[in-house]
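Structural features, examined
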Amino acid sequence: MASKLVLLLVFVLDLIAFGLAVAAEQRRSTAHIANGDGFTYCSYDKDIATGLGAGSFLFLLISQIVIMAASRCLCCGRAMRPSGARVWAIVLFITCWVFFLIAEICLLAGSVRNAYHTKYRRYMGGRNLSCETLRKGVFGAGAAFVVLTGIISELYYVSYSRANDGQASYNKDTGIRMGNL
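Rules and cut-offs
- Residues numbered from 1 in each chain as written.
- Predicted model: local features only at pLDDT ≥ 70, side-chain atom pairs only at ≥ 80, totals over all residues.
- Heavy atoms only, no water.
- UniProt positions renumbered as here; feature names shortened; annotations may be inferred.
- Core = buried A, V, L, I, M, F, W, Y, C linked by side-chain atoms within 4.5 Å.
- Buried < 20%, exposed > 50% of the residue type's maximum accessible area, 1.4 Å probe, protein only.
- Helix = DSSP H or I, 4+ residues; strand = E, 2+ residues; numbered from the N terminus.
- Contact = heavy atoms within 4.5 Å.
- Pairing = 2+ DSSP bridges.
- Axes fitted to C-alpha atoms, helices over the stretch in contact; angles between N-to-C directions.
- Parallel < 35°, antiparallel > 145°, perpendicular 65-115°, else oblique.
- Left-handed = near helix turned anticlockwise from the far one by under 90°.
- Nonpolar A, V, L, I, M, F, W, Y, C, P; charged D, E, K, R; others polar.

The protein chain has the name Fiber protein Fb34 in an unreviewed UniProt entry, where Citrus x changshan-huyou is given as its organism. The heading Sequence similarities (unreviewed entry) in the UniProt record of the protein chain holds the text "Belongs to the DESIGUAL family."

A few points about the nonpolar core
Ranked by size, the top nonpolar core spans 18 residues in total, and within it Ile67, Met68, Tyr156 and Tyr157 carry the most contacts. At the level of secondary structure, the elements contributing two or more residues to this core comprise α1 (4-26), α2 (48-70), α3 (84-115) and α4 (138-164). With six residues, the top contributor of residues to this core is α3. The contacts of Ile67, once residues within four sequence positions are left out, are Val6, Val10, Ser153, Tyr156 and Tyr157. Listed in part, the 15 residues of the second largest apolar core include Ala21, Phe57, Leu107 and Val146.

Some words on the UniProt feature "transmembrane region" (unreviewed entry) in the protein chain
Here, UniProt's "transmembrane region" (unreviewed entry) annotation points to residues 54-75, 87-110 and 138-158. Taken end to end, residues 138-158 is 100% helix and 0% strand, and its first and last C-alpha atoms sit 30 Å apart.

Looking at the pairing of strand β1 (residues 31-35)
Put simply, side chains in a regular strand alternate between the two faces of the sheet. Pairing of β1 with strand β2 (residues 39-44), which is carried by five bridges, proceeds in the antiparallel orientation. Directly across from His32, in β2, lies its bridge partner Ser43. Where β1 hands over to β2, the hairpin turn is made up of three residues, of which Gly38 adopts a positive phi near 85°.

Focus on the packing of α2 against α3
Where α2 contacts α3, the two axes come as close as 8 Å, and the packing angle between them is 160°. With respect to α3, the element α2 is oriented roughly antiparallel. Helix-helix and strand crossings are classified by hand; for α2 and α3 the assignment is left-handed. Between α2 and α3, the residues in contact are Ala49, Thr50, Gly53, Ala54, Ser56, Phe57, Leu60, Leu61, Gln64 and Met68 and Phe93, Cys96, Trp97, Phe100, Ala103, Glu104, Leu107, Leu108, Ser111, Asn114 and Ala115, respectively. For the contact of α2 with α3, the class distribution of residues is 14 nonpolar, six polar and one charged.

Here it is, written out as C-alpha cells:
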C-alpha cells in the first residue's frame, strides 16, 4: 500500500514548486534603455524571478528525492513481484526522470539567464543598443514539466507500491511433473 504521507508530502512540494515557477514567469526581469551623460545603457528592474526559479528548482529536487527514497529508486531493495504494476512502475520511473530533468533544466537555465544582465553602453552616434532579457515561456515550460513530474512521480510510487505488495510466489506448480514416469 502506498504511503499517504509520502503522496501528500510530494504533492505539497510539487504544488509549491509549481507556484514558484509560475511566479517566476510573471516576474521576469525587464529592461529599458536609459540615458546617461553622453551615453545610453540598459537599465534592469529588480531580479526576483531568479530567486523564485531557484526556489522552484529546489522544491522539485526535494520532491524527487522523497519519491526516490521512499521507493528505493526502483533498483535497490527487494525484487518486485511479476505483474502489470511492475511494468507500469518501470515505464513511469523512466518517464518521471525524463520529465524531472527537463523541468530542472528549464528552471535552472531560466534562473541563470534571468540573472544575466548586459552591461553594454552606447556613446552618441554608436550602433543600436540591445538589452537582452529572458525569453517569455522558459519558466512557464518549467512549471508545466513540474506538474507532469508531480503526476507521473505519484503514479510511479503507487505502481511501485502495488508491485511490492504481497510476496513473490515462486512455489507454484510449474505444470511439468517429472516424478511419475
